[in-house]
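What follows is each chain in one-letter form.
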Amino acid sequence: MNEILSLLSGGWNYILAGLAVVAALAASYFGGKKVGNVQTQAKADVTAAKVESAQVSAVAEKQKENVKVVKDVQTNNSALSDDAARDKLRQSSFNRPE
């Protein structure tokens, strides 16, 4: 009888140890799954940030070109005499006879 009781008491330890191992594996699986989801989201965020950065750079470059064109036009217009400026306005595509 003592042998059976000692076997059962020793067996419970093995059963509890086995359950602890199963719980540890389950926690590891679900924890790893969460980390994988976070890493996937982080990669998507980095890609979106790179795209946005490229768009901002393109806009800044276009604005820089526009400012250069405007400054060139202002320089050309300031170099014109009054008669030449009037003549330029008359020949402009924006000057329509009414």
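So, here is what we can say about the structure in this document. What you are looking at is a predicted structure, and each value in this text was computed from that prediction instead of being measured.

Here we look at the overall build of the chain
Part 1: For the chain, the helix and strand inventory stands at two helices and zero strands.
Part 2: Buried residues in the chain amount to 0% of all 98 residues.

Considering the pattern of salt bridges
Part 1: Under the definition given, this model contains two salt bridges.
Part 2: One salt bridge in this structure joins Arg86 and Asp83, with 3.5 Å as the shortest N-O distance. In this pair, Arg86 and Asp83 both sit in helix 2 (residues 82-90), three residues apart, roughly one turn of the helix.
Part 3: Judged by its relative accessible area of 45%, Arg86 falls in the partly exposed class.

The rules behind the values
Residues numbered from 1 in each chain as written. Predicted model: local features only at pLDDT ≥ 70, side-chain atom pairs only at ≥ 80, totals over all residues. Heavy atoms only, no water. Helix = DSSP H or I, 4+ residues; strand = E, 2+ residues; numbered from the N terminus. Buried < 20%, exposed > 50% of the residue type's maximum accessible area, 1.4 Å probe, protein only. Salt bridge = Lys/Arg side-chain N within 4 Å of Asp/Glu carboxyl O.

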